[in-house]
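# Remarks on the overall topology
Here are the chains, one letter per residue:
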Amino acid sequence: MVRVGILGATGYTALEAMKLLLRHPGAQITAVTSRTDKSPLAAVHPQLARRLELSLEDLSIAQLQERCDCVFSCLPHAASAEIAKQLVEVGVRVVDFSADYRLNDPVSYKKWYEHEHPDPARLGNTVYGLPELFREQIPAANLVANPGCYPTSAILPLAPLLKAGLVEPGDIIVDSKSGVSGAGRTPKLGTLYPECNESISAYSVGKHRHQPEIEQILGRVSSATPQIIFTPHLTPMDRGILSVSYSKPTRSVTEAELLEILSDFYKNEPFVRVSKTLPTTKDVAHTNFCDITARVNGGRVLLISVIDNLIKGASGAAVQNFNLMYGFDETTALL
Ligand SMILES: NC(=O)C1=CN([C@@H]2O[C@H](COP(=O)(O)OP(=O)(O)OC[C@H]3O[C@@H](n4cnc5c(N)ncnc54)[C@H](OP(=O)(O)O)[C@@H]3O)[C@@H](O)[C@H]2O)C=CC1
Ligand SMILES: CC(=O)N[C@@H](CCC(=O)OP(=O)(O)O)C(=O)O
């Protein structure tokens, strides 16, 4: 049995991770942390009553090392790397939900996150936990950078076409919509009900930190230098992301051909479904699937994808990575 600790257990991604791990035959949750809350977990997450009888604790690195083989760090960026680097050094394996280890180098991290990286030497050397593209690197990893939610939705459809040289890397637009849980449970003005209900808004236009993540990861898989214009939107729903990318084909291409290339690329993937149908966020809610379709319109390639931001965009991806790290069937607890 692999003993798993959950850092930041009061948050949304942590709740989803715990619900998934409770269904996992090879995992036991042995620690749940909060900086200040000492309540029984069920007092914070009533869904876990009678399912996980643990109380929240503020644990030291030594205590986590004693109780856990692996830790899911569901902490915000910067706070996560501070702890992850110490855990990895004492032999605890970490799946990091934050963005701390996703980018290629400390210079771009500082530019987009506006602070120094707490563990710069590991940037660029850490495995990016998107199994569909980096599966072979995950089993041996002590630290896995779980992907961002928007990047997962954009990278999965674009990667096969960039790898095949079928779209121009220098001219790609990604337009994404997210449910409000994407912003986490920590209160913020913009996620108060009267601010975001019955309203859709674009935000972080031209400066969202997922733009370099999408560019850098697509660069790693395709040997091109993709340039992305990424615009996220907050939409009045609890969960789900829908992304549409617009790119220029390098040659004449049909919708049928695009679907065939995508289907072939993902034919052995348990969690990517390619079809002709226009996908909706409801189709993948509470699941680890990414549904993808393609269209050709106005001389552009349109790729449309949906995920659940809390599952394939965070906790489901983490469990998928955990399964690979510990040699379980990749779909365990996820289907
Ligand atoms: N929500 C989503 O859809 C996605 C989130 N992510 C990433 O996953 C991580 C967790 O996100 P999410 O669960 O949504 O966030 P939440 O805000 O719901 O939870 C984060 C938890 O971290 C703890 N925390 C907050 N600030 C600090 C700090 N400075 N130091 C230590 N602990 C802190 C809090 O617990 P307490 O106050 O009890 O200590 C809080 O409950 C983040 O890095 C996020 O960017 C990634 C993909 C998708
Ligand atoms: C709706 C919403 O606010 N979404 C979050 C993305 C969540 C995520 O994946 O963020 P990390 O890269 O920090 O892990 C945002 O735009 O900041």
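Rules used throughout
Residues numbered from 1 in each chain as written. Chains lettered and ligands numbered in written order. Predicted model: local features only at pLDDT ≥ 70, side-chain atom pairs only at ≥ 80, totals over all residues. Heavy atoms only, no water. Helix = DSSP H or I, 4+ residues; strand = E, 2+ residues; numbered from the N terminus. Rg over C-alpha atoms; globule rule 2.2 N^0.38 Å. Buried < 20%, exposed > 50% of the residue type's maximum accessible area, 1.4 Å probe, protein only. Contact = heavy atoms within 4.5 Å. Areas by Shrake-Rupley, 256 points an atom, 1.4 Å probe, with all protein chains shown as cover. Lys, Arg positive; Asp, Glu negative; His and termini not counted. Charge placed at Lys NZ, Arg CZ, Asp CG, Glu CD. Core = buried A, V, L, I, M, F, W, Y, C linked by side-chain atoms within 4.5 Å. Domains from an automatic or database assignment. UniProt positions renumbered as here; feature names shortened; annotations may be inferred. Near = heavy atom within 4 Å. Polar contact = N/O pair within 3.5 Å; in protein donor to acceptor, adjacent residues only side chain to side chain. Nonpolar A, V, L, I, M, F, W, Y, C, P; charged D, E, K, R; others polar. Salt bridge = Lys/Arg side-chain N within 4 Å of Asp/Glu carboxyl O. Pairing = 2+ DSSP bridges. Axes fitted to C-alpha atoms, helices over the stretch in contact; angles between N-to-C directions.

## Here's the deal with the overall build of the protein chain
- Regarding its fold elements, the protein chain presents twelve helices and 13 strands.
- Its C-alpha atoms give the protein chain a radius of gyration of 19 Å, near enough to 20 Å, the size a compact globule of 335 residues would have.
- With the C-alpha coordinates of the protein chain rotated into their principal frame, the extents come out at 60 × 45 × 40 Å.
- Considering the protein chain as a whole, with its 335 residues, one finds that 54% of them fall into the buried category.
- Considering only residue pairs separated by 6 or more positions, the protein chain has 69% of its internal contacts joining residues 24 or more positions apart.
- When the accessible surface of the protein chain is totalled, it reaches about 14,100 Å², and 52% of it is carbon and sulfur.
- Here the protein chain carries 32 positive and 35 negative side-chain charges, and the mean point of each set is 2 Å from the other.

## Side note on the nonpolar core
- In terms of nonpolar packing, the biggest core is built from 40 residues, with Ile6, Met18 and Phe72 touching the most fellow members.
- Breaking this core down by element, the ones donating at least two residues are β1 (2-7), α1 (12-22), β2 (27-32), α2 (41-44), β3 (70-73) and α12 (311-325).
- In terms of residue count, α12 provides more of this core than any other element does, seven residues in total.
- Taken domain by domain, this core gets at least three of its residues from each of domain 1 (2-147 + 313-325) and domain 2 (150-309).
- Once residues lying within four places of it in the same chain are set aside, the contact partners of Ile6 are Ala14, Met18, Leu21, Ile29, Ala31, Val32, Thr33, Phe72 and Cys74.
- Listed in part, the 36 residues of the second largest apolar core include Tyr128, Ile172, Ile217 and Ile292.

## Focus on the UniProt feature "active site" (unreviewed entry) in the protein chain
- Within this structure's numbering, the places UniProt gives as "active site" (unreviewed entry) are Cys149.
- Of note, Cys149 is situated in helix α7 (residues 149-163).
- Using a relative accessible area of 13% as the deciding quantity, one classes Cys149 as buried.

## Quick word on the site of ligand 1
- The immediate surroundings of ligand 1 are formed by 24 residues, with Thr10, Ser34, Leu75, Arg185 and Thr186 found nearest.
- The separation between an oxygen atom of ligand 1 and a polar main-chain atom of Tyr12 is 3.0 Å.
- Within the complex, 82% of the 890 Å² of free accessible area of ligand 1 lies under protein.
- Elements supplying a minimum of two residues to the shell around ligand 1: α1 and α12.
- Of the residues belonging to the shell around ligand 1, the class tally is nine nonpolar, 13 polar and two charged.
- Inspection of the shell around ligand 1 shows a minimum of three residues originating in each of domain 1 (2-147 + 313-325) and domain 2 (150-309).

## Side note on the pattern of salt bridges
- Here the structure, examined in full by the defined rule, presents 21 salt bridges.
- Between Glu213 and Arg102 there is a salt bridge, with the nearest N and O atoms lying 2.9 Å from each other. Taken together, the residues span a long stretch of sequence, with Glu213 in helix α9 (residues 210-222) and Arg102 in the loop between β4 (93-96) and α5 (106-113) at a distance of 111 residues.
- Between Lys267 and Asp264 there is a salt bridge whose closest N-O contact spans 3.4 Å.
- Exposure remark for Asp264: the relative accessible area of 45% places this residue in the partly exposed category.
- The network of salt bridges with common partners includes Glu16, Lys19, Arg239 and Asp308.

## A few points about the sheet that holds strand β8 (residues 201-202)
- Taken together, seven strands build an open sheet; the order of strands is β8-β9-β7-β10-β13-β12-β11 and the sheet is mixed. Edge positions in the open sheet fall to β8 and β11 (272-274), since each of these has one partner strand only.
- The pairing of β11 with strand β12 (residues 290-297) spans three bridges and is parallel. The residue bridging Arg273 from the neighbouring strand is Asp291, located in β12.
- Together, β11, β12 and β13 (300-307) form the strand contacts of helix α10 (residues 255-265), whose direction differs from that of β12 by roughly 155 degrees.

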